Amino acid sequence: MIFPSTLVIHDLILQLPTIQFANDLCSLVQKNQKEFKYIPATQELNTPEKSRNALKQMIEKQKNNNYTYLLFTNNTLIGAVGLKIRPAGFVAEISYYLDKNYTGNGYISKAITKLENIFFEQGGHRTEIFCNEANTASCNVAKRLNYKLDGIMREYEYIDGKFHGVAIYSKITIESF
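This is a predicted model, so every value here is computed, not measured. (Residues numbered from 1 in each chain as written. Predicted model: local features only at pLDDT ≥ 70, side-chain atom pairs only at ≥ 80, totals over all residues. Heavy atoms only, no water.)

### A few points about the nonpolar core
Phe3, Leu14, Val81, Tyr96, Ile112 and Ile129 are the most contacted members of the largest nonpolar core, which totals 34 residues. When residues of this core are assigned to their parent elements, the largest contribution, 8 residues, is made by helix H3 (residues 107-121). Apart from residues no more than four positions distant in its own chain, tyrosine 96 is found in contact with Ile39, Ala80, Val81, Ile108, Ile112, Ile129, Cys131, Ser138, Val141 and Ala142. Core analysis: the second largest hydrophobic core is formed by 16 residues, Phe36, Ile39, Leu55 and Leu77 among them. (Core = buried A, V, L, I, M, F, W, Y, C linked by side-chain atoms within 4.5 Å. Buried < 20%, exposed > 50% of the residue type's maximum accessible area, 1.4 Å probe, protein only. Helix = DSSP H or I, 4+ residues; strand = E, 2+ residues; numbered from the N terminus. Contact = heavy atoms within 4.5 Å.)

Here you go:
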């Protein structure tokens with residue numbers, strides 16, 4: 001599948017990562033530690049060096065249809081949206097996180113809708129969103145975008161000294177158009 005390096009949706013820019021954003025990514029994660037606690041991938045971005053290494057990995061993973069777009073508005077990094085396409089090319093997992101100061105503006109919804117449309121137009125069949133049950137904001141994004149709850153993986157993640165379930169939401173092609 002082919003995904004462009006940059007996507008523009010009104011005041012939102014989705015940009016495939018480059019190393020130059022390591023410090024901005026680190027700052028974003030440090031500023032939102034409490035909000036991002038249910039997103040394991042962000043826990044490895046809390047220093048500039050770790051962010052730089054993670055960005056290198058994101059760039060490398062594009063070869064395997066694993067795309068992470070950094071989200072910008074007014075030249076400010078505000079979050080990220082990922083699309084991890086499984087090997088057969090019919091199923092993709094969507095992930096996301098957003099700066100607490102930019103929630104409620106539809107940025108994540110716009111980004112997800114754009115990526116899922118590109119995926120479905122190129123023959124994708126199903127997209128999935130995995131959310132920690134305690135992360136109601138993330139679960140609500142899936143619901144607002146008409147994803148269906150497939151089920152709960154009970155006690156799947158261990159965060160803050162206790163186990164949490166993970167909700168699996170999905171959308172298939174015919175539900176998108």
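### Concerning the confidence of the model for the chain
Any segment with low pLDDT has predicted coordinates that should not be analysed in fine detail. Taken as a whole, the chain shows an average pLDDT of 94; of its residues, 99% reach a score of 70 or greater. Here helix H2 (residues 48-61) is the element of the chain with the lowest mean pLDDT, 93, and strand S2 (residues 12-15) is the one with the highest, 98. (pLDDT = per-residue confidence, 0-100.)

### Brief notes about H2
Every α-helix winds through 3.6 residues per turn, so residues three or four apart in the chain are directed the same way. Between its terminal C-alpha atoms H2 stretches 20 Å, which fits the 20 Å expected from 14 residues at 1.5 Å a residue. When we look at burial in H2, the residues that qualify are Ser51, Ala54, Leu55 and Met58. Projection of H2 onto a plane perpendicular to its axis shows the buried side chains occupying an angular sector of 105°, all on one side. Buried residues in H2 make contact with helix H1 (22-31) and strand S3 (66-73). (Expected span 1.5 Å × (residues − 1). Arc of directions from axis to C-beta.)

### Section: the sheet that holds strand S1 (residues 6-9)
Pairing is mixed in the open sheet, where 8 strands are placed in the order S1-S2-S3-S4-S5-S6-S8-S7. The open sheet has two edge strands, S1 and strand S7 (148-159), and neither has a second partner. Direction aside, the axes of adjacent strands within the sheet are offset by 25° on average. As paired strands, S3 and strand S4 (residues 76-85) are joined by 8 bridges and run antiparallel to one another. Note on S4: the bridge partner recorded for asparagine 66 is lysine 84. Sitting on the sheet, H1 is in contact with S4 and strand S5 (91-98), with an inclination near 95° to S4. (Pairing = 2+ DSSP bridges. Axes fitted to C-alpha atoms, helices over the stretch in contact; angles between N-to-C directions.)

### Side note on the pairing of S4
The element S4 is largely enclosed, with a buried count of 8 among its 10 residues. Between S3 and S4, which pair antiparallel in sequence order, lie 2 residues; one of them, asparagine 74, sits at a positive phi of approximately 50°. As paired elements, S4 and S5 share 7 bridges and run antiparallel to each other. Bridging across to S5, glycine 79 finds its partner in leucine 98.

### Regarding the environment of isoleucine 2
In this structure, isoleucine 2 sits in the segment before S1. In this structure isoleucine 2 comes out as exposed when scored by relative accessible area, which is 69%. Put simply, isoleucine 2 and asparagine 132 are 130 residues apart on the chain and 30 Å apart in space, counted from C-alpha to C-alpha. Contacts of isoleucine 2, omitting those with residues within four sequence positions, involve Ile118 and Gln122.

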